[in-house]
Amino acid sequence: MKISLLQQMYKDVLICLLGSYDQLLSHMASKSLASLVYFQLKEENALNVTWLTFSLKTLSGFPVNTRVAECLWTLTTIIKDILKDKVLPKAGVLKKLLAPLDAVLEGFYNSILFHHFDSHHYTSTYSEAANSLISFIDLLEALLSSRIELELPLRCQRVLFLKLSKVLNLISSSVHYLIKKKFIMLLKKCVLCKSREDAKSGSPFLQNPSLYEDMGALSNAVLQVVNLTWLNRIPLSEKASYFGGSEAAPGGDTQGGSDQPVLRALSLVVLKALEFKCQNSATEAEIKGDFESSMSQLLIFWRSHLKSSPQSHPVVHHCEWLSLIFIEQDDDMWEAAKALLLIYLKFDRLRHDAAGNLSQKEEETWNFLTHASGYNPHCIFLFFLEKIAFDSSVLLDFLISSETCFLEYLVRYLKLLRKDWHQFVDVCNHFDTKHGTFQSTSSVQPPHQEKQSCMTDESLQNACCEQEPQTLIPLASSHNYLVFTTEQCDNEVAESNQSNSLICTDSTSLLGSLQSLVNYDSSDDSELESDGKECLVNTKQVPLNNESEMRIRETGFSYTDDKRNALKSEVLPLKQMGSNTSSCVTCMVSSDNIVPLRIMIYKSTKCLEELQKAISRLQRRNLFPYNPSALLKLLSHIEKISKNVNPQ
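The following paragraphs examine the structure supplied in this document. What you see is a predicted model; the values in this text were computed from it and never measured. (Residues numbered from 1 in each chain as written. Predicted model: local features only at pLDDT ≥ 70, side-chain atom pairs only at ≥ 80, totals over all residues. Heavy atoms only, no water.)

A look at the overall build of the protein
Okay, step 1: The secondary structure content of the protein amounts to 24 helices and 7 strands.
Okay, step 2: Of all 648 residues assigned to the protein, the portion counted as buried reaches 51%.
Okay, step 3: Across the protein, the fraction of contacts at a sequence separation of at least 24, relative to all contacts at a separation of at least 6, is 72%.
Okay, step 4: Just so you have it, the protein exposes about 30700 Å², and 53% of that area is on carbon and sulfur atoms. (Helix = DSSP H or I, 4+ residues; strand = E, 2+ residues; numbered from the N terminus. Buried < 20%, exposed > 50% of the residue type's maximum accessible area, 1.4 Å probe, protein only. Contact = heavy atoms within 4.5 Å. Areas by Shrake-Rupley, 256 points an atom, 1.4 Å probe, with all protein chains shown as cover.)

Okay, structure coming up:
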């Protein structure tokens, strides 16, 4: 009696209401019909023949029968309800649902994507054709979820992977931007193997080995069109959606006006495709050409859609692009960084397997190529640390969060850093040189006298900008110092009659300690840690040359060599000249043995040390969400290397 009643409702009421031109009524009928089909699958373990006949007739009749959106809604809702059920045997129920529709769904995929999307029917989201295509994208997303979570021998689950070229052609067509965006976001979920918005991204290949074949087909299709300048044919929207409207706030940074989520999604699709292709290549020659070509196209794509604002410095170094593109979306950023790190490790392993011991020239060529293609892992990591101002609490947040793959990335990177320390030091030195943190000079003081160098904090933030002119400012004769300072061209000229002092007004000390990450158990803990800091900032008042009292800031810190030589500095601030003054940090070095001021290596290793201390404190209180022993061991090893190895 119950089954007869349900079938009567299908036939006489709900299926008829699906074709109603009242959209609300049609939508509610679709929801009700999906609930009834799901109920019968769950309780009776049977698929209703009436609904199945209607679905087969509707989908196979396309494009003659254009009213397919309602049928697609119903099927999508049923699949989602099955996947959300925690008690139902999902694999068996899904197979019962999709097996009769398998061939029809693959044929429908070919039919709906075979259309000429330059037609005006697809340029508006209110058209019936566009509505059907959007509904089909939702169905493909549900099928992707079932593909990742459950391994079923069904073509309809794999058709998106195996016939991706049709989707890629649609994305570069003149179809409405919303349709392009939904397909791009769907591709992002494919490469991340992420079934739902609340699901963790990851690699389910061990549980579902057949995904290797699908991901291989997807990667090949993506890289093939990328090498044919496919990215440049995708016009990203110039107006993204903002809270409360579609216009950006006055004075807001729109980063060139492009749709940033779509820009990041497209970039991640390319990077993950490259990662998969590299991981499954047996020799460097198999992937090197595709990789260099694809990265070149990606860099051009980034440059065209992320234009520098007048206030920002022009991007010169290719490794900086990753942090600039992904800095606003941390989960995507670490997926992209992990992909490039794995590519680097794979290339490095293939090189050493093929050649054994590499010559110095080969190593230099290899390092140059990693920077030119924007995937040097040390450079990427340092640029990111710069973007977060070397704040270790940000890294701690990433480690605690389960929404990113930062833990996996950091463990892999620290293992690389442990064996590749000299390359890390070289990159840090390159940063310091570009920043102007150390400038050699031909003028040498007599023996046993000292020199003093000064650099702007602003120049440390601009890694790739050109160095500004330098000015020699003599101090008072009683000090026997020369001060090198980097000056900007706008209203920062020191007066000649202020030769006995130096501007140095920085709101935050360049070598100041970072903020503590967690509270202390007691005030004693705070005192012990304060006493143990390697960077101390003390302020006192002393008279100078019988004039008014001048503030002297003494900054002392130790380098990470085995002798732990202390470099001390004194800064005597001049009278402030204008509102914008250069921030300076001075360092005393012997004229007999001039040593560059290694700001980048100091700040980066200090950040990792702060992170290690914070994790240890949380672990002692049983507040860390997982066992961090392996991570702490790696961080401790890096700390020992930085203190025992002379980074020159």
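Describing the environment of Lys606
Okay, step 1: Mapped onto the secondary structure, Lys606 falls in helix H23 (residues 599-620).
Okay, step 2: Sequence separation between Lys606 and Ser642 is 36 residues; the distance between their C-alpha atoms is 9.7 Å.

Observations concerning the packing of aromatic side chains
Okay, step 1: Under the defined criterion, the tally for this structure stands at 22 aromatic pairs.
Okay, step 2: Judged by centre distance (5.0 Å) and plane angle (40°), the ring pair of Trp334 and Tyr409 falls under tilted. Here Trp334, found in helix H15 (residues 330-355), pairs with Tyr409, found in helix H19 (residues 406-419); they are 75 residues apart in sequence, far enough to count as distant. When sorted by exposure, Trp334 lands in the same class as Tyr409, which is buried.
Okay, step 3: With a centroid separation of 4.6 Å and 35° between ring planes, the pair formed by Phe381 and Tyr413 is classed as tilted. Note that Phe381 is positioned in helix H17 (residues 377-387) and Tyr413 in helix H19, a separation of 32 residues in sequence.
Okay, step 4: Within the aromatic cluster, the residues linked to one another by ring pairs are Trp334, Phe381, Phe384, Phe398, Phe406, Tyr409 and Tyr413. (Phe/Tyr/Trp six-rings, centres within 6.5 Å; stacked < 30°, edge-to-face > 60°.)

So, helix H8 (residues 155-162)
Okay, step 1: Most of H8 sits out of view: 6 of its 8 residues are buried.
Okay, step 2: For H8, the full list of buried residues reads Cys156, Gln157, Arg158, Val159, Leu160 and Phe161.

A few points about the pattern of salt bridges
Okay, step 1: Per the counting criterion, the structure on display carries 23 salt bridges.
Okay, step 2: Between Glu70 and Arg67 there is a salt bridge, and its shortest N-O distance comes to 2.9 Å.
Okay, step 3: Residue classification places Arg67 among the partly exposed residues on the basis of a relative accessible area of 24%.
Okay, step 4: Taking the shortest distance from any N to any O, the salt bridge between Lys338 and Glu335 comes out at 3.9 Å. Of the two residues, Lys338 and Glu335 are both situated in helix H15; the distance of 3 residues between them amounts to about one turn of the helix.
Okay, step 5: By sharing partners, the salt bridges in this structure join Lys272, Glu275, Glu335, Lys338, Glu408 and Arg412 into a single network. (Salt bridge = Lys/Arg side-chain N within 4 Å of Asp/Glu carboxyl O.)

Section: the layout of surface pockets
Okay, step 1: Here the second largest pocket is characterised by a volume of approximately 590 Å³.
Okay, step 2: Taken together, 25 residues line the second largest pocket, and the ones lying closest to its centre are Gln23, Ala69, Glu70, Trp73 and Asn131.
Okay, step 3: Taken together, the residues that form the lining of the second largest pocket break down as 5 nonpolar, 12 polar and 8 charged. (1 Å grid on protein atoms, 1.4 Å probe; cavity = no way out; pocket = protein on both sides within 12 Å on 5 of 7 lines; lining within 4 Å. Points joined across faces, edges and corners; volume = space filled by probe spheres on them. Nonpolar A, V, L, I, M, F, W, Y, C, P; charged D, E, K, R; others polar.)

Quick look at the nonpolar core
Okay, step 1: By size, the foremost hydrophobic cluster in this structure holds 158 residues, and its most contacted members are Trp51, Ile79, Leu97, Leu98, Phe183 and Trp302.
Okay, step 2: Among the elements that line this core, the one with the most residues is helix H12 (residues 260-279), at 12 residues.
Okay, step 3: In contact with Phe183, not counting residues within four places along its chain, are Leu113, Leu133, Ile137, Leu140, Val167, Leu170 and Ile171. (Core = buried A, V, L, I, M, F, W, Y, C linked by side-chain atoms within 4.5 Å.)

With respect to the packing of helix H13 (residues 284-305) against H15
Okay, step 1: Viewed as axis vectors pointing N to C, H13 and H15 meet at an angle of 145°, and their least axial separation amounts to 11 Å. Viewed along their axes, H13 and H15 form a crossing whose handedness is left-handed. Across from Glu284, Ile287, Lys288, Phe291 and Met295 in H13, the residues of H15 making contact are Leu340, Ile343, Phe347, Leu350 and Arg351.
Okay, step 2: The class makeup of the residues in the contact of H13 with H15 is 7 nonpolar, no polar and 3 charged. (Axes fitted to C-alpha atoms, helices over the stretch in contact; angles between N-to-C directions. Left-handed = near helix turned anticlockwise from the far one by under 90°.)

A look at helix H6 (residues 102-113)
Okay, step 1: Between its terminal C-alpha atoms H6 stretches 17 Å, which fits the 16 Å expected from 12 residues at 1.5 Å a residue.
Okay, step 2: Buried within H6 are the following residues: Asp102, Leu105, Glu106, Phe108, Tyr109, Ile112 and Leu113. For H6, the angular spread of buried residues about the axis comes to 160°, placing them on one side. (Expected span 1.5 Å × (residues − 1). Arc of directions from axis to C-beta.)

What to know about the side chain of Ser146
Okay, step 1: By secondary structure assignment, the location of Ser146 is in helix H7 (residues 128-149).
Okay, step 2: One polar contact links Ser146 to Gln157, side chain to side chain, over a distance of 2.9 Å.
Okay, step 3: What Ser146 contacts, discounting residues up to four positions off in sequence, is Leu83, Leu94 and Gln157. (Polar contact = N/O pair within 3.5 Å; in protein donor to acceptor, adjacent residues only side chain to side chain.)

Overview of unusual backbone geometry
Leave glycine aside and you will find that most residues have negative phi; peptide bonds, for their part, are mostly trans.
Okay, step 1: A cis amide bond links Phe62 with the next residue in sequence, Pro63, at an omega value of 10°.
Okay, step 2: Within the element layout of this structure, Pro63 appears in the loop between helix H3 (49-60) and helix H4 (69-84).
Okay, step 3: If you check the backbone angles, Ala389 has positive phi at about 60° while not being a glycine.
Okay, step 4: Locating Ala389 in the fold gives a position in the loop between H17 and helix H18 (392-400).
Okay, step 5: According to the relative accessible area criterion, Ala389 is exposed, its value standing at 52%.
Okay, step 6: Positioned with a positive phi, Asn622 is a non-glycine residue whose angle comes to about 60°.

Some remarks on the state of the cysteines
Okay, step 1: One pass over the structure, following the stated rule, counts 0 disulfides.
Okay, step 2: Unpaired in this structure, Cys190 has its nearest cysteine sulfur neighbour in Cys193, at a distance of 8.2 Å.
Okay, step 3: According to the relative accessible area criterion, Cys190 is buried, its value standing at 1%.
Okay, step 4: Not part of a disulfide, Cys428 finds its nearest cysteine sulfur in Cys379, a span of 9.5 Å. (Disulfide = S-S within 2.5 Å.)

Description of the environment of Ile82
Okay, step 1: Mapped onto the elements, Ile82 comes out in helix H4.
Okay, step 2: When the C-alpha positions of Ile82 and Leu41 are compared, they lie 9.2 Å apart, and in sequence the two are 41 residues distant.

Honestly, that's just the spatial picture; any functional story needs more than this.
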